[in-house]
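# Structure assessment
Residues per chain are reported as follows:
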Amino acid sequence: MQFIGTRTGAAGAVSASRAILRGLAESGGLYVPERFPSFSLSDIDGMREMTYAQRAVRVLRAFLEDFSEEELQAAVGAAYGSFDDPRVAPLRPVREGVSALELYHGPTLAFKDMALQLLPHLMTLSMKKNAEAREVFILVATSGDTGKAALAGFADVPGTRCAVFYPQAGVSEAQRLQMVTQRGDNTHVIAVRGNFDDAQTGVKRIFADADFAAAMDAQGRVLSSANSINFGRLVPQVVYYFSAYADLLRAGTILLGDPVNFCVPTGNFGNILAAEYARRCGLPIGRLLCASNGNNVLADFMETGRYDISGRAFYRTISPSMDILISSNLERLLFELCGRDPKQVRGWMEALRTGSRYDIGNKNLCAMRAVFAGGFTDDAGTREEIRRTYAEDGYLMDPHTAVASHVLRAYQEQTGDRTPSVIVSTASPYKFGRPVLEAIAGTQAAEGLDDFGCCGVLAARTGTRVPPQIAELPTMPVRHKRVCEKDRMEEALLEALSGKNGM
Ligand SMILES: *Cc1c(COP(=O)(O)O)cnc(C)c1O
């Protein structure tokens, strides 16, 4: 199967391994499969008794045709072996008709591990298949979770190097320490004096800089991306929707062919897009609920078909990984909605760039609303949802997951839709110990405590355990101290590569 670009169509078709190596398609578009592989109900039934790794190989193989079964088995085994739950992505009952799909059992405690533990293996295989002899240099701008997950995935992977830029004042203390204590001689972590948008803009500028690319080439390096624009990050996420369905079958919660609704806390639209891909492959999905926090541009889009960021304030919330205004993976959904018309997609993306908005029109809106519904809640609603779910159901959730839980509840009340539903749970509550503790015990419980103190109290009050990855952070040596101005990121990278002025 070939991969085509959302802005160029079949003209720029490449193999799966080439798409993974490149990251971004031509003319700034994203790679998508030329067609969706099809899974019959009996294929899906066949996954019921499989392990997560077996399910993963089954789904990955359908998309990544230039990878062999043996290669994928080895990659999947290495990727998910370090998870702290043998089921990798366990499904837990929360309340009547609602389960949580826990995607945070990987090394960095957020769902990014589901893809970023596998991507380095897919990347090195792709290098071999395309005779890429240069070192692949992964650049990442992060608002917190992606950076650590990419570092953990690529650390000490031969033939690769990973540099992460994070906003100096824009990440939580736990997130910062997770990154600056990262081991591995091929890792670089650089704080940017600016916000996440500054870091993101800087990385995009470096990707577009021909002189920088030439300098890297002269050093035997080629730049690539571990952002969710890379198809290699998307395809591992398709797996867990199949896996959740197979687990519901095995538990007897549903019968083969019954629809299931998924509610996904959304930022860059990567996670929920993977669910839509699973649906297009034949997985019986009823509705996909797109949950946003106070940055509710997607909820408005689902309602009106107008994506409009002009004059929109950017809020910092207690679910920071969803604080985003431009959801890059939405472009892949638009491509499907308009019947795979690259000219139409180019038009919308150009309108967004020049006028900060586009309108997909009534026909596309109806098609989208046949599957998707949007909803949002602010920080107060998020805290209340954490409190209520813990009090009523004994289930402890992080703020991102709570946004989804709230949106699902509101949707069910409004529509009366009682289809069995899955909340996609994207982070360990201990990654956000302060807001979670405040939600279940009141703000006074966190007074005078740092984030780690909050985690300790949270563990004591809930009878759960602080994950070792968090508990060990305050005593780990800081290995990365580099700081740069937002317009000096290229220089900082070159210095880091030459080993000058600190790690
Ligand atoms: C990245 C992230 C999200 C948003 O996922 P997208 O794929 O960007 O929609 C939600 N929750 C957590 C904890 C995350 O790290």
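Notes on the structure follow. Model, not experiment: these values are computed from the prediction.

### Things to note about unusual backbone geometry
Excluding glycine, a negative phi dihedral is what most residues carry, and trans is how most peptide bonds are arranged. One non-glycine residue, L109, lies in the positive phi region at around 70°. Inspection of the secondary structure puts L109 in the loop between β5 (98-102) and α5 (112-116). Residue L109 is classed as buried on the basis of its relative accessible area, which comes to 2%. One non-glycine residue, A131, lies in the positive phi region at around 50°. Turning to its location among the elements, A131 is positioned in the loop between α6 (119-129) and β6 (135-141). Overall, A131 belongs to the exposed group, its relative accessible area being 67%.

### Let's talk about empty space enclosed by the protein
Summed over the entire model, instances satisfying the criterion amount to 2 cavities of 30 Å³ or more. Its volume calculated, the largest cavity comes out at about 440 Å³. Among the secondary structure elements, those contributing two or more residues to the lining of the largest cavity are α7 (145-154), α9 (196-208), α11 (231-251) and α12 (270-280). For the lining of the largest cavity, a count of residues per class yields 10 nonpolar, 16 polar and 4 charged. When its volume is computed, the second largest cavity comes out at roughly 40 Å³. What lines the second largest cavity is simply T266, G267, S292, N295, V297, L298, M322, I324 and S327. Residues belonging to the lining of the second largest cavity are distributed by class as follows: 4 nonpolar, 5 polar and no charged.

### Details of the site of the ligand
Close to the ligand lie 15 residues; K112, D145, G267, N268 and T426 are nearest. Measuring from an oxygen atom of the ligand, one finds a backbone N or O atom of F269 at 3.2 Å. Between the ligand and S321, the relevant distance is 3.5 Å, taken from an oxygen atom to a side-chain nitrogen or oxygen of the residue. Using a 2 Å cut-off from the grid points, one finds that the ligand occupies the largest cavity. The residue makeup of the shell around the ligand, split by class, is 5 nonpolar, 8 polar and 2 charged.

### A short note on α7
The buried count for α7 comes to 9 of 10 residues, which makes it a mostly enclosed element. Of the residues one or two after α7, D156 is the one with positive phi, at around 60°.

### Comments concerning the packing of α7 against helix α8 (residues 173-180)
One can describe the packing of α7 onto α8 by two numbers: an axis separation of 9 Å at closest approach and a directional angle of 25°. Taken as axis vectors, α7 and α8 run roughly parallel relative to one another. Seen from above, α7 lies across α8 with left-handed handedness. Contacts from D145, G147, K148 and L151 of α7 reach α8 at Q175, Q178 and M179. Looking at the contact of α7 with α8 residue by residue, the class counts come to 2 nonpolar, 3 polar and 2 charged.

### So, the sheet that holds strand β15 (residues 421-425)
Spatial strand order, β4-β5-β15-β10-β11-β14: 6 strands in an open sheet with mixed pairing. Two strands lie at the open edges of the sheet, namely β4 (91-95) and β14 (372-376), each paired on one side alone. If you compare each strand with its neighbour and ignore which way they point, the axes differ by 25° on average. Against the sheet, α12 contacts β10 (260-265), β11 (285-292), β14 and β15, and its axis sits at roughly 170° relative to β11.

### Comments concerning the packing of aromatic side chains
All told, the structure shown has 13 aromatic pairs when counted by the stated rule. Centre to centre, the rings of Y52 and Y80 are 5.4 Å apart; their planes meet at 85°, and the pair counts as edge-to-face. Of this pair, Y52 sits in helix α3 (residues 52-63) while Y80 sits in helix α4 (residues 69-80), placing them 28 residues apart in sequence. Taken as a pair, Y52 and Y80 share a single burial class, namely buried. Arranged with centres 6.1 Å apart and planes meeting at 70°, the rings of F301 and Y358 form a pair that is edge-to-face. Here F301, found in helix α13 (residues 297-304), pairs with Y358, found in strand β13 (residues 357-359); they are 57 residues apart in sequence, far enough to count as distant. Classification of F301 by relative accessible area gives buried; the value is 0%. It is K129 that lies over the ring of F67; its NZ or CZ is 5.1 Å from the centre.

About the cut-offs
Residues numbered from 1 in each chain as written. Predicted model: local features only at pLDDT ≥ 70, side-chain atom pairs only at ≥ 80, totals over all residues. Heavy atoms only, no water. Helix = DSSP H or I, 4+ residues; strand = E, 2+ residues; numbered from the N terminus. Buried < 20%, exposed > 50% of the residue type's maximum accessible area, 1.4 Å probe, protein only. 1 Å grid on protein atoms, 1.4 Å probe; cavity = no way out; pocket = protein on both sides within 12 Å on 5 of 7 lines; lining within 4 Å. Points joined across faces, edges and corners; volume = space filled by probe spheres on them. Nonpolar A, V, L, I, M, F, W, Y, C, P; charged D, E, K, R; others polar. Near = heavy atom within 4 Å. Polar contact = N/O pair within 3.5 Å; in protein donor to acceptor, adjacent residues only side chain to side chain. Sits in = over half its atoms within 2 Å of the grid points. Axes fitted to C-alpha atoms, helices over the stretch in contact; angles between N-to-C directions. Parallel < 35°, antiparallel > 145°, perpendicular 65-115°, else oblique. Left-handed = near helix turned anticlockwise from the far one by under 90°. Contact = heavy atoms within 4.5 Å. Pairing = 2+ DSSP bridges. Phe/Tyr/Trp six-rings, centres within 6.5 Å; stacked < 30°, edge-to-face > 60°. Lys NZ or Arg CZ within 6 Å of the ring centre and 35° of its normal.

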